[in-house]
Every structure is written in C-alpha cells, then in structure tokens.
Number of protein chains: 2
Amino acid sequence: MASELEPAVREALANAVGADGLLIGAAQREAYARDNSGRRFLPWAVALPATAEQVAGVLRVCHQAAIPVIPRGAGTGCVGGGLAVQGGVVLSTQRLNRILAVEPADRLAVVEPGVVHGELKERLAAHGLFWPPEPSSSRSCTIGGNLAMCSAGPNAVRYGVTRHWVLGLTVLLADGTRMRVGGYTTKGVVGYDLTQLLIGSEGTLAVVVEAILKLAPVPEARRTLRIVFRDMEQAALAVAGVMGRGEPPSALEFLDPAALALLRGSGAGIECHPEGQALLLAEVEGTLEEVDRKANGLRERLLVFDPLEAVVAVSEQESKKIWSARYALSPTLTRLAPRRINEDVVVPVSRLAALVAGLAVIAKETGVPIVSFGHAGNGNIHVNLLTDPADPTQERKVVGALDRVFDLVLQLNGTLSGEHGVGIMKRDYIARELDPGALALQTRIKQLFDPRNILNPGKIFPVLHH
Amino acid sequence: MASELEPAVREALANAVGADGLLIGAAQREAYARDNSGRRFLPWAVALPATAEQVAGVLRVCHQAAIPVIPRGAGTGCVGGGLAVQGGVVLSTQRLNRILAVEPADRLAVVEPGVVHGELKERLAAHGLFWPPEPSSSRSCTIGGNLAMCSAGPNAVRYGVTRHWVLGLTVLLADGTRMRVGGYTTKGVVGYDLTQLLIGSEGTLAVVVEAILKLAPVPEARRTLRIVFRDMEQAALAVAGVMGRGEPPSALEFLDPAALALLRGSGAGIECHPEGQALLLAEVEGTLEEVDRKANGLRERLLVFDPLEAVVAVSEQESKKIWSARYALSPTLTRLAPRRINEDVVVPVSRLAALVAGLAVIAKETGVPIVSFGHAGNGNIHVNLLTDPADPTQERKVVGALDRVFDLVLQLNGTLSGEHGVGIMKRDYIARELDPGALALQTRIKQLFDPRNILNPGKIFPVLHH
C-alpha cells in the first residue's frame, strides 16, 4: 500500500526532519503499525525527529494540513495508543533519546521522551538513585510512553504512580508551540497543575519533548518472599491484611491458579508447594542491616493467613529467578493466545477477594478461560481473557465475558485501567466508569488544547464532538 | 455596613441553607473577612451549608445572580484565597465536617472538606494510619483548604505533596452540578486526571464536597536531630549533601540567624550552641528497633559538614519542644510585624546556598529585615519581609525587596510558591514564572469550568478576559 500523504506534505515533512528522518516505504512503515494490543494500522508515514525543533516542524506541517499525528515510544503499549487508527503520521521519539542531566542533590533527571526506561535506570544507579515507576517492559519501553500512559508497575505499592515522580515537562502543542509546565522543584503551586493534566493523556493533548523526573534513592538491599496459598480467596485476604496495617512491602504481586500452572510448566524451576493454587510475591527493601528483619516481619504477618508455605528468598539469584518468571508471564500468554484480551482492572484492596471470586464465576459461566496476575498490593489485576482462534464463536463469548468483568469491577468501586490506559481498546467502555459531566469536561479540554483534533485522534474518547 | 445582597437573593440563599445557615449581620460577617494574609474584605453574606445539597443550592442561586462565591475553610491561608475581594458570598465549609469512612485495608478515608486536619489525624491514629500532608496549622486548618492550596508542610520531604495523597473527589461545579472524579483506587488511568487539576486550584474551578484521601502507616518511632552551624551557607551545603544520596529524612527544616534569634528569645528553652547562626531540624522515622540507628546514620552524614553541634534528641519531650518552637515562629513573627510579607518560595536544593546568600544581599541593600526558615529538604523557604509600621517609606521598600526576591528565585530555577498558593498576594507576579502559553491555557480552563466567573473571582490570575 502506498502512502496516502500528498506529495507537498511529504516534502514539507522531509524538510522538517531531514530525508533520513521520514519513512515512507511500506515495509518501513509496517514496523510502526503494531503494538502489544495485537491490532494493526499502517501509518501514512513515520517521522523520526532528532530535536524538539524537528518535532515542532512535523506538528506545524500536520496542523496546517489537518493530518493526525500519533506520538509513539517503543510500541510496548497494550491499548493501541501508539497506532495510526485514523491514518496520519507516526511521530516516533526514538531519536529523542538523550539523558540531558542528572542532579543528585536535587534528586532529579532531565530526559528526552525516547530514553529507554532500562537505560535511564542503569545511568541513575551510578548515583545511587532510581526513577520509581517501572513497567515490566522496562528493558524496551520509553519514558515518554510511561508518561503518556502513567504506567507504574509493581513499585507503585510503595512509591505511588508515575505522576508522583514528574516535576515538569516541556511540551509542544498541536500547532508546534513550545510550552513549559512545572519546573525543577518538588513543591510548586503557582497556577493550575498542567503537568498532571498532561501525564496520562495518551498523547492527545501535547507532545512531550523534555521531562524533569523526580528520583528516589536506591535501597541498599531487597528481599523477595514467596508465599503459597491453598486458594485465591485466602491469598486475597492476606493481601488486605498486609495492606491494612504497617509499612507496605515495596511490591506485592499475585498469581492465580492458571498463572501458577503456566509458571510451573515454564521450566523456570520455580519451587512451589504442589497443592498451591495462589502465589504471592512480596518484596521488602531497606538497609542491609534491616532488610532480613523486615522480610521476616512480613512473613510473620502473612503466616496469620495460613499459607501452605512462606519462604524468604535469601539469595539474589533465587529472587531474580522468581521475578523473571513473573515478568515472563505476559509474553508466555501472548504466545499461547495471541488474540488474548489483557485488561488491567483495579479494585480497592479490600474487594480483591470479591473480584477473584467473581472472575471465577464469569470464566465458568461464559466458558472463556481467564488467567489473572498482577499488582495485588494496589488491587491492580491483569485479567487475561484467552481466545481460541480455532473456535469462531469465541470472539463473541470473549466480548460478553469482558463486559461482565468491567461491570463487576465498577460494582466493586474499581476502575477499568490501572496503567495500560484507554487507547482504542477501552474507549467504548469509559462512559460506564466516568461521571458524564467529567467526561464532557474532558472532551472540552481536548478541544481547548487541540482544536483541529490532530493529536492522536480516535483515542480515549468514544466520539469527539466538534 | 449593610449587606449588598438584594433581598430576593438573600431569601433564596436562606431557603438553600436554612435561616441559621446564612449570616447577614455585619459583626457575623466580620469573622469571615480576614485570613493570615493580613488583608480584610467584608463579604456580603456567609453561607454555612451542612450538606452537599445545600452547597448546590447556594451555587445555583449565586450562579443565577452572577454573585461571587468564595469557598473558605478555617481562614488559615496566607494569600487571601478565602477572602471576598470582589464581594459576594463566603461559602464556609465549617458544617461540612464529617469523616464519612476510614478503610484501613484500602488505606483510605472519605471526608467532607470542613474536617479539621488535626481531628482527622487523631481519628486515623487509632488505625495506625495518617494522612501525610500536614501544614503547621494542622490544629485548625481544614482538609478542604489543604486540597485547595495543595499545602503540604514538612512531611513533604519524605512523602511528597498533598496531590499525591488524594484518590478522588466529589465536587460541585459553578452551576451546582455534582461531578465525581478519580475514585477509590491507588492506580487509575481512565481519562484525563481532573482530580489533579482541581487540587491546588484555590476554589476557582469547583467546590469540593467530598474527598477520598490516601493514607500511610504511622511510623512506630521518630527521632529529631538538632544540628547547629556557624553560618547559613554551611547549613545549605549540608542540606544538599544529605538530599543527594541515601534515604531522605522525614523532615528537614532550617532556621536562619534571625529566626534563630527569635527562637532564643522566645523563652522556649531550646538549647543551641551560642555561636550558631543556622539551625537544621531533621526528623527520621522507622521501627523502634531501627530509628536510633537511622538517626545516628544521619548525624554521621551531617558531621561531614562541620557543624558546631549535632544532637539526636532522644526524649519525646525534647523533640516536641523543638517542634513547638519551630511551629511558634510564624505566629511570633506576625505579632512582631503584623504587616510582614510571608513568602514561601522554592528553589532546587542544590541552589539553597545561592538563595541564602542572595537574600542576605537583598536585605542589606534594601534595608528590609528578612527572616527565613522552612522546609529545606524541599528547598521550600518561608521568606519573611518585615515591615516597620512606624516607617511610612517601608511599604515601598518592601515591595522593591520582594521584587528582587522573586527575580532571584526564578533565576535559580525556583518557583514563587511551594504551598501557600497565589490568591491575591501573588497574582501580579505569576506571569513572571509561568510560560505565557501555559498561563493562557489556564485562563481558558477557568472559563471552561466557570463561564460566569463566580467561583473565587480575582484569585490566581492577574486579569481574566471574558
């Protein structure tokens, strides 16, 4: 398929980013047509700006021509947020990948949006610092993507989410105008907080070209605990018990029976009591002196909930093995069920047991296998609805099951997404969760920032009124 | 002075809140005419709604009649945020003071805006939990005021600011429409984050009637350290050193020579090396087992910066005495210089030494005495410009000095306010700090939420274009 860009626009874009910064060939564009949602939309072109000025150039051209611009990091997103669903130009941040400053005394780093999360992590480690948000795609995902989706990962139990770790942004508005919001300080209340409005806006309000990130000190030591329960309900009660009092662990993950079966079958060599039907992974951190005491303290608190086993993984190696197995779950599931629906609902921790019980009922009644795991300490559960490609009726069944999952989550005072975002995968559902007045205000804020609707159109909102 | 409300409006308001919920008498209104800014504006009436429905009634009447509505907590604000600068109806939250729920497993509390901070603290302590933002006015200020100004206090060094500790809000829009934003979960990325937009908006966008607060566990133990330096520069370097690596203390306050002199003269009985010209107060927290080790570890890190003395206050009583003296500073200054200008600028921690040196130069060159103290760990300094009421030229000199203080702060990559807000006291300065595009977008967001400009008009923005 040929690019649908008019020659004049194509030329203007090439002028903006240089000839080698514009991908027009179908094969080149194909590399930017997918993400982790399993959907495919071929963009008309891909721009690879290397400077903020080049980003502004792309925006000016597209604003003028009313062409969609789709900001894109590493394409690790789960909801199609970086896909060209209405055609247009994918604006890749891959060349905007400089770490501009690390300031230890101010506990901040200044980065471009295309910096890979794991590379920043390595760089900061030399200063004894880290940026707490850490999605499981850390090795490949970009900071820009983390900001766009407010994706936080397991650390959120202790450290809070992405938006808590951003001090300021430099962004470009739809017409290419540069705008600075926030700044270099950890406190600041001058005017409305546009920084926070932009984080999690999925590239629909502006394009980030620079971010000032707040950092935390790397803890001296960590210990991982493996706690195995007879059933999910008991594991869920244990999570509520642990979160109800005392210092939270730095991570508290769980795996349901199906996820546990995958783990057992993965050959990763994870030991686990054979009768176990639910696994909790907990991590504590602190100084070398205190970390074992903390781990044992947490273990004591968990023993109250009568687990089959509760083991403090003493070796760094065993701990790494456990976490690798946890991180391998999502790719494993994608291999098993390429068209799986991967949701990341959240409920208050006290409602986890009700969620788990409700998911079992839905799986049974609809015949759709459900595999759940995730950030139990936040009540943030990755619910995977598996589809059998050989069964033509399955697609309809899955949609029905998903519908019931969302209803259940909202009944339990939860939210449809904890960190994956809305994109195109959940846009038809958000009106169920959001207050109608709040949704209306959001669409009007979108119009305020982007009156020509060129920034990532078709994302988040079901229908945009112009 | 009689109320300027038309009889029909007065009657409609009385219908909305009940006769005893509407204060019309001049003496009654006088009690709502001031705050901690030293300014006075007599409202036309004061409404005391006891339910969200009554708040909606007040808003409907005022929206219809285009009368300003000024939401007000306890009147402890420093920038005139709760004053009726354009006349209108003060909407006091004092009767909206119920703690609606405390959910330990979910680490959340649901409160009305008029709940007094200190009362919530007491109630939560029974569950081993607390709400980390804690302005020094905790005993009297309200949660609604904390949310409106995003005022965080000394805990922010470790815990972050108010906006990090709010999960959701129920608000009423200018016309009385109810709107729910956020929710009950610690993660959530469905749509734009209006919760964060509303926090810190100083009552100009909506009126909060219910807030879902995120809680943290109360640490088992705390230790306070008193560290005395020969001069401010050395103290500032020590702050940067401590913040540059390792776990941050839970608070890190400083007092400059003038503040220290006040403390010595206060009769509070604070011991302090006689040659000391700068005082740091640090607090560490943790389990009973670890807290002394942590305190001594911090002391070791501070010794590197050659203090005159560095004492870990072992007794709870001595610690309380030190903190009381710190908290007494602001009221003491108000007594000494009732028309003092009390700013709360912020600079990156690495620039504290430059700020301190610059303030000394400004004080010397302008002849305006400056007393500084505050949250050094965040670079958030309360800069007090003292005015001599007996000197008629002083007012002009103070304005000139303030001007230079703000220029200095912005040069150092700082912000004009860390937690006091803008209100009327800083509205003429914010254009110096904010990007022009960001300021323009903010005024348009204000118009979007409040097209008739009835919600706290005249605050934050220098001029509003209609």
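Residues numbered from 1 in each chain as written. Chains lettered and ligands numbered in written order. Predicted model: local features only at pLDDT ≥ 70, side-chain atom pairs only at ≥ 80, totals over all residues. Heavy atoms only, no water.

(A) Representation of the overall build of chain A in the model. When helices and strands are tallied, chain A shows 15 helices and 18 strands. For a compact globule of 466 residues, the expected C-alpha radius of gyration is about 23 Å, and chain A comes in at 22 Å, within 12% of that figure. The 466 residues of chain A split such that 62% are buried. Within chain A, residue pairs in contact and separated by at least 24 positions form 71% of the contacts whose partners lie at least 6 positions apart. Where the 47 positive side-chain charges of chain A centre and where its 48 negative ones centre are 2 Å apart. (Helix = DSSP H or I, 4+ residues; strand = E, 2+ residues; numbered from the N terminus. Rg over C-alpha atoms; globule rule 2.2 N^0.38 Å. Buried < 20%, exposed > 50% of the residue type's maximum accessible area, 1.4 Å probe, protein only. Contact = heavy atoms within 4.5 Å. Lys, Arg positive; Asp, Glu negative; His and termini not counted. Charge placed at Lys NZ, Arg CZ, Asp CG, Glu CD.)

(B) Representation of the sheet that holds strand S6 (residues 108–111) of chain B. Residues and elements named next belong to chain B. Taken in spatial order, the five strands of this open sheet run S5-S6-S10-S8-S9, and their pairing is antiparallel. The open sheet is flanked by strand S5 (99–103) and strand S9 (178–182), the only strands paired with a single partner. Sheet twist, expressed as the average angle between the axes of neighbouring strands with direction ignored, equals 10°. The pairing of strand S8 (residues 166–172) with S9 spans five bridges and is classified as antiparallel. Paired with leucine 172 across the strands is arginine 178, a residue of S9. The sheet strands contacting helix H4 (residues 117–125) are S5, S6 and strand S10 (207–214), and the helix crosses S5 at an angle near 35°. (Pairing = 2+ DSSP bridges. Axes fitted to C-alpha atoms, helices over the stretch in contact; angles between N-to-C directions.)

(C) Here's a closer look at the interface of chain A and chain B. Taken residue by residue, the interface counts 88 residues in chain A and 88 residues in chain B. For the pair chain A and chain B, the summed buried surface comes to about 6700 Å²; carbon and sulfur atoms form 59% of the total. Counting the surface chain A buries against chain B, the share from its top three residues, Lys187, Val190 and Tyr192 of chain A, is 15%. Inspection of the chain A/chain B interface yields six salt bridges. (Buried area = accessible area lost by both parts, 1.4 Å probe. Salt bridge = Lys/Arg side-chain N within 4 Å of Asp/Glu carboxyl O.)

(D) Quick look at helix H11 (residues 316–336) of chain B. Residues and elements named next belong to chain B. When the terminal C-alpha atoms of H11 are compared, their 30 Å separation across 21 residues agrees well with the 30 Å that a helix rising 1.5 Å per residue should span. The axis of H11 is deflected most strongly, by about 35°, at leucine 329, and proline proline 331 appears within four residues downstream. Considered for burial, the residues of H11 that qualify are Ser319, Ile322, Trp323, Ala325, Arg326, Leu329, Ser330, Thr332 and Leu333. (Expected span 1.5 Å × (residues − 1). Bend = angle between axes of the 7 residues up to and from the residue.)

(E) Seen up close, the domain arrangement of chain A. Structurally, chain A comprises domain 1 (7–92), domain 2 (99–217) and domain 3 (222–411). Computed over C-alpha atoms, the centres of domain 1 of chain A and domain 3 of chain A are 37 Å apart. (Domains from an automatic or database assignment.)

(F) Up close: the state of the cysteines. Throughout the structure, instances matching the rule amount to zero disulfides over all chains. No disulfide involves cysteine 141 of chain B; its sulfur sits 11 Å from the nearest other cysteine sulfur, which is in cysteine 78 of chain B. (Disulfide = S-S within 2.5 Å.)

(G) Up close: the side chain of aspartate 450 of chain A. Residue and element names in this part refer to chain A. Relative to the helices and strands, aspartate 450 is located in the segment after helix H15 (436–449). A polar contact is formed between the side chain of aspartate 450 and the backbone nitrogen of isoleucine 454, at a distance of 3.1 Å. A distance of 2.8 Å separates the side chain of aspartate 450 from the backbone nitrogen of leucine 455, its partner in a polar contact. Dropping the residues within four chain positions of it, aspartate 450 is found in contact with Ala174, Thr204 and Leu455. (Polar contact = N/O pair within 3.5 Å; in protein donor to acceptor, adjacent residues only side chain to side chain.)

(H) Geometry of the sheet that holds strand S12 (residues 221–229) of chain A. All names here are of chain A. Within the open sheet, the seven strands sit side by side as S15-S12-S14-S13-S17-S18-S16. Their pairing is antiparallel. Since the sheet does not close on itself, it has two edges, and those belong to strand S15 (309–313) and strand S16 (341–346), each with one partner. Going across the sheet, the axis of each strand differs from the next one's by a mean of 15°, ignoring polarity. The pairing of strand S13 (residues 251–255) with strand S17 (residues 370–375) spans two bridges and is classified as antiparallel. Counted as the bridge partner of leucine 255 is phenylalanine 373 from S17.

(I) Fine view of the packing of helix H8 (residues 232–243) of chain B against helix H12 (residues 352–366) of chain B. All names here are of chain B. Where H8 contacts H12, the two axes come as close as 8 Å, and the packing angle between them is 160°. Looking at the two axes, H8 sits roughly antiparallel to H12. Regarding H8 and H12, the two cross each other, and that crossing is right-handed. Facing Met232, Glu233, Ala236 and Val239 of H8, the residues of H12 in contact are Leu352, Ala353, Val356 and Ala357. Classifying every residue of the contact of H8 with H12 by side-chain character gives seven nonpolar, no polar and one charged. (Parallel < 35°, antiparallel > 145°, perpendicular 65-115°, else oblique. Left-handed = near helix turned anticlockwise from the far one by under 90°. Nonpolar A, V, L, I, M, F, W, Y, C, P; charged D, E, K, R; others polar.)

(J) Region of interest: the relation of the copies chain A and chain B. Of the transformation superimposing chain A on chain B, the axial component is 0.0 Å and the angular component is 180°, with the fit at an RMSD of 0.0 Å. Such values leave the two copies arranged in the relation of a two-fold axis. Looking at chain A, 100% of its interface residues are interface residues in chain B too, so the copies touch through the same face. (Least-squares fit on C-alpha atoms with pLDDT ≥ 70 in both.)

(K) Structural context of the packing of aromatic side chains. Residue and element names in this part refer to chain A. Enumeration according to the criterion identifies ten aromatic pairs over all chains in this entry. The ring of tyrosine 159 has arginine 158 sitting right over it, with the charged end atom 5.9 Å from the ring centre. One Lys or Arg, lysine 214, reaches over the ring of tryptophan 165 and ends 5.2 Å from the middle of that ring. (Phe/Tyr/Trp six-rings, centres within 6.5 Å; stacked < 30°, edge-to-face > 60°. Lys NZ or Arg CZ within 6 Å of the ring centre and 35° of its normal.)

(L) Structural view of the pairing of strand S17 (residues 370–375) of chain B. Residues and elements named next belong to chain B. Taken across its six residues, S17 has six buried, putting it largely inside the fold. Looking at chain direction, S17 and strand S18 (residues 380–385) are connected through six bridges and run antiparallel. Across the sheet, residue phenylalanine 373 finds its bridge partner in S18, namely histidine 382. Hairpin remark: S17 followed by S18, antiparallel, with four residues in the connecting loop; positive phi at glycine 379, about 70°.

(M) Quick look at the packing of H12 of chain B against helix H13 (residues 394–411) of chain B. Residue and element names in this part refer to chain B. Following both chains from N to C, one finds H12 and H13 inclined at 160°, their axes separated by 10 Å at the closest point. On the basis of their axis angle, the class for H12 and H13 is roughly antiparallel. You can see that H12 and H13 cross each other, and the crossing is right-handed. In this structure, H12 uses Leu355, Gly358, Leu359, Val361, Ile362, Glu365 and Thr366 to contact H13, whose residues at the interface are Lys397, Ala401, Arg404, Val405, Leu408 and Val409.

(N) Representation of the environment of glycine 377 of chain B. Residues and elements named next belong to chain B. Mapping glycine 377 onto the fold places it in the loop between S17 and S18. Of the residues examined, glycine 377 reaches a relative accessible area of 4% and is grouped as buried. Sequence separation of glycine 377 and glycine 246 is 131 residues, and the distance between their C-alpha atoms is 13 Å. With residues near it in sequence (within four places) discarded, glycine 377 still touches Val157, Val239, Met243, Leu252 and Val349.

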